[in-house]
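Okay, here's what each chain looks like letter by letter:
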Amino acid sequence: MRRFALLTIAAVVLFVIMPPAPRPLPAAPPGMAAPIRGVIHVHTNRSDGTGSVDDVTRAAAAAGLQFVIVTDHGDGTRTPDLPDYRNGVLYIDGVEVSTIDGHLVALGLPKAPYPLGGEGRDVVDDVHRLGGIAIAAHPGSPKPDLQWKDWNAPIDGLEWLSADSEWRDERPWAFVRTLLTYPFRPPQALALLLDRPEPVIRRWDELAQRRRIFGVAAADAHARVGVRSFGEPYDSAGSLHFPSYANSFREFSIALPDARLTRDAAADAGAVLNAIRDGAFYSMIDALAGPAALRVAASAGSITVDAQAPDDAQITLFRNGVAVANTQGRRLEHAADAGVYRVEVTLPSGPGTPPVPWLMSNPVYVDRRPEAPAPPRTSTASARTSSSADLSGPRTFHAVYDNGPARGWTIEKNAASDAALDVVGALPGTQLLLRFAISGSSADSPYAAFVMPATSAIGMYDRLMFMARADRPMRLSVQLRASGAADSRWRRSVYVDQMPRAIEVPFADFHGISTSMPEHPDLSQIDSVLFVIDSVNTKIGSNGQIQIDDIKYAK
Ligand SMILES: [Zn+2]
Ligand SMILES: [Zn+2]
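Rules used in this analysis
Residues numbered from 1 in each chain as written. Chains lettered and ligands numbered in written order. Predicted model: local features only at pLDDT ≥ 70, side-chain atom pairs only at ≥ 80, totals over all residues. Heavy atoms only, no water. Donors = N, O, S within 2.8 Å, 3.2 Å for Na, K, Ca; no water. Tetrahedral: all angles 85-135°; square planar, octahedral: opposite > 155°, others 65-115°. Helix = DSSP H or I, 4+ residues; strand = E, 2+ residues; numbered from the N terminus. Buried < 20%, exposed > 50% of the residue type's maximum accessible area, 1.4 Å probe, protein only. Pairing = 2+ DSSP bridges. Axes fitted to C-alpha atoms, helices over the stretch in contact; angles between N-to-C directions. Core = buried A, V, L, I, M, F, W, Y, C linked by side-chain atoms within 4.5 Å. Contact = heavy atoms within 4.5 Å. Phe/Tyr/Trp six-rings, centres within 6.5 Å; stacked < 30°, edge-to-face > 60°.

1. Describing the coordination of the zinc ion (ligand 2)
Part 1 of the reasoning: Taken together, the protein donors to the zinc ion (ligand 2) comprise H41 (NE2), H43 (NE2), E96 (OE) and D220 (OD), at separations of 2.0 to 2.3 Å.
Part 2 of the reasoning: Here the zinc ion (ligand 2) binds four donor atoms, and the angle range of 79 to 162° at the metal identifies the geometry as irregular.
Part 3 of the reasoning: Read from N- to C-terminus, the donor residues coordinating the zinc ion (ligand 2) fall into the pattern H-x1-H-x52-E-x123-D.
Part 4 of the reasoning: Separating the zinc ion (ligand 2) and the zinc ion (ligand 1) is a distance of 3.4 Å, and E96 donates to both of them. Of this pair, E96 sits in strand β4 (residues 89-99) while D220 sits in the loop between β8 (214-218) and β9 (225-226); the two residues are 124 residues apart in sequence, bridging distant segments of the chain.
Part 5 of the reasoning: Judged by its relative accessible area of 6%, D220 is buried.

Next up, the structure:
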C-alpha cells in the first residue's frame, strides 16, 4: 500500500514537472519552403567528445538534420576532412582553436601552415588570411576562462546561445528537473536549461551596429558529462554518455531558408558556409516547436516578418538593440527607419526567465551599410609591400639597424633548440639572417630569441618598424623586455612569409605576457627588443629562417 502511495506521488510529481510536448505548427505561409537545417559546434572522439564522425552523422540523420559541423579542439594543423555525405547527412569539418582570449570556432579553413594560437586577434587574422570564418565560442560561459574576451577582434560571428554555457549555469532546480524528465522527453528536458542570455545578446547588438556580425546557436555537443563536476565534458571521476548526440541535435538547430543542397558535398558545404558567413540563417529551439519557417524581408522603408508559428507566438522586432514592435501571431509589419533590425519569436510556454527566443534571426540592415567583418588593418603589423619610405603615418624615425654588424645582439634559447644570427649581403648594404630550429618537449616551451639592445631613444617614439620575410608563412613574436627582469615582457605577434613586407607595431599594441603585469610597457624601463620564435605558432621539430632589415623606432 505504501509503495503504491509513493508511486502515485512520483507519477504526480513527474506529471507536474514534465516539460510540455513540442507545439504543433500550422502550414508554412505561402512561398516559404522548409529550411535546410543543421547543427554547429560538435566534438567527436578526436578531441573530448565520445563518438566518431560516423556516430555524429548518424545521430544528425536521426534528428532529421541535413548537415552537421564538427569542430574538434585543435590548432588548425590537422588536415581537415573534405566535406562528405555520411549517413545521408552533409558532414563539414571545422576546428575550435584555444587562444589566450578564449575559444574560437573556425570554419572553412585549409590545413594551417603553422599552429594557430596566442592572442585572439592574431588567430582571427590567421583564420581570415586562410579564407575561413571566425566565431567567438560560448562568450556567455559562466566559467571566465571560457569566455571570449577580445571584442575588438574582427570576428565574423558569435555564439548567442551555447548549450554548454547553459549547462554550466547555476540553477540546481532546473538541473534536477532536466535529469528527472530526460528519460521521457529528452530534447524538451534539455531545453529546460535554456534562457535568454541577456549580456551576450546586448554585446551582439552593440557590435552589429558597428559591423556585420552573425549570431548562432551552438550545440557544443560532446555526448558526455563529468560525474563529479557536472557541466564539464569530463573529469577525473569519469563521465556519463549524456545527453546523447541525437538528443542534443533535437534540442535546437540553425536553419538556412535560402540554401539549396545538390548532393555534391563540396558545393553544398560551400553553400552552407556562405549562408553562415552572410548571416542568412536563423536559430530555432526545435524542442519547443519545429521545424518552422521564418522570413524577415526589408524593402523600401518597411520590414515584414512571416513566421510559421502557433497563434500565441510573440514576434518582437528590435532596432539597434531596442524592441520597437511586437505582435502576437504569424506576421509583423513595421515602417522601418534606417537601422539594424533583428527578430525574436518567443512562445509563452518557453523555458527561462526571460524565456529563451524560440526563433532568433540574424541582423538585417535597413539603409545602412555596415563595415565588412574584417576591416583593413592600418596600423598593427599591416602587410605592406611598398618600401617603408612611403608609409603615410609616422614622420620621424630613429634607425636601430640599417647596415653593418649586429652590434650588441645576443641569442637566447632553450637547451634543445638552435639559433644563429648572421649579417648577409643585400641590395643595398646588409641585412640580418635569423636561423632557428625549435626542439625539445612541449613542457620546456621551446623557443629561440634574437635579442637586440633597445637604445634609450625608444622612449621618444611610439612604434617599432622593420622589413621582414621568412622562408615560409609563420608568426614571429616581437617582444619588449624591461631591464633586470627576465619575465617582464610585452609582446605582439606579427605575420611574415616569403614576401618582404614592412611591419609596423605600435608600442600601445604590445600586451604583457601575464595578466599580473601592467598591460602596456613603460618604455623608459625597456632595455631589449626580442624577435622570438616559440612553440605557440611554430611546430616543435621545425626549422627555418627570417630576414630582417631596416629596424627603426618611429613616431
Ligand atoms: Zn570551447
Ligand atoms: Zn567546444
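Now, onward.
2. What about the sheet that holds strand β13 (residues 294-299)?
Part 1 of the reasoning: Strand order in this open sheet of three strands is β13-β14-β17, and the pairing throughout is antiparallel. On the outer flanks of this sheet lie β13 and β17 (331-335), each paired with one strand and no other. Between one strand axis and the next, the sheet turns through 10° on average, direction left out of account.
Part 2 of the reasoning: The pairing of strand β14 (residues 302-307) with β17 spans five bridges and is antiparallel. Bridging across to β17, I303 finds its partner in H334.

3. Some thoughts on the coordination of the zinc ion (ligand 1)
Part 1 of the reasoning: On the protein side, the zinc ion (ligand 1) has E96 (OE), H103 (ND1) and H138 (NE2) as donor atoms, found 1.9 to 2.2 Å from it.
Part 2 of the reasoning: Sequence spacing of the donors to the zinc ion (ligand 1): E-x6-H-x34-H.
Part 3 of the reasoning: Residue E96 is classed as buried on the basis of its relative accessible area, which comes to 1%.

4. Some words on the nonpolar core
Soluble globular proteins tend to bury their nonpolar side chains together.
Part 1 of the reasoning: Judged by nonpolar contacts, the single largest core of 64 residues is most densely connected at L158, W160, I285 and W358.
Part 2 of the reasoning: No other element matches helix α7 (residues 198-210), which puts five residues into this core.
Part 3 of the reasoning: Once you skip the residues sitting within four places of it in the chain, L158 turns out to touch I135, A136, W151, V200, W204, L207, I213, F214, G215 and V216.
Part 4 of the reasoning: Grouped together as the second largest cluster of nonpolar side chains are 39 residues, F450, M452, I458 and I503 included.

5. Section: the pairing of β8
Part 1 of the reasoning: Here β8 lies mainly inside the structure; five of its five residues are buried.
Part 2 of the reasoning: Side-chain alternation along β8 places F214, V216 and A218 on one buried face and G215 and A217 on a second face that is also buried.
Part 3 of the reasoning: Sheet topology places strand β7 (residues 157-162) next to β8; five bridges connect them, and they run parallel. When the sheet's bridge partners are listed, S162 is paired in β8 with A218.

6. Looking at the sheet that holds strand β25 (residues 447-453)
Part 1 of the reasoning: Overall, antiparallel pairing links the six strands, which are arranged β22-β25-β31-β27-β28-β30 in an open sheet. Two strands close off the open sheet at either side, each with one partner strand: β22 (410-413) and β30 (511-512).
Part 2 of the reasoning: Packing of helix α3 (residues 120-129) onto the sheet brings it into contact with β27 (474-482), β28 (489-496) and β30, and relative to β28 it is tilted by some 5°.

7. Quick notes on the packing of aromatic side chains
The way to describe two aromatic rings as a pair is by their centre distance and the angle between their planes.
Part 1 of the reasoning: Using the criterion set out here, one finds eight aromatic pairs in the structure.
Part 2 of the reasoning: Each ring, one from Y114 and one from Y495, has its centre 6.4 Å from the other, and the planes form 40°; the classification is tilted. You can see Y114 sitting in the loop between β5 (102-107) and α3 and its partner Y495 sitting in strand β28, a full 381 residues away along the chain.
Part 3 of the reasoning: Taking the relative accessible area as the measure of exposure, Y114 reaches 5% and is therefore buried.
Part 4 of the reasoning: The buried category is assigned to Y495, whose relative accessible area is 11%.
Part 5 of the reasoning: With centroids separated by 6.0 Å and ring planes inclined at 40°, the aromatic side chains of Y245 and F249 adopt a geometry described as tilted.

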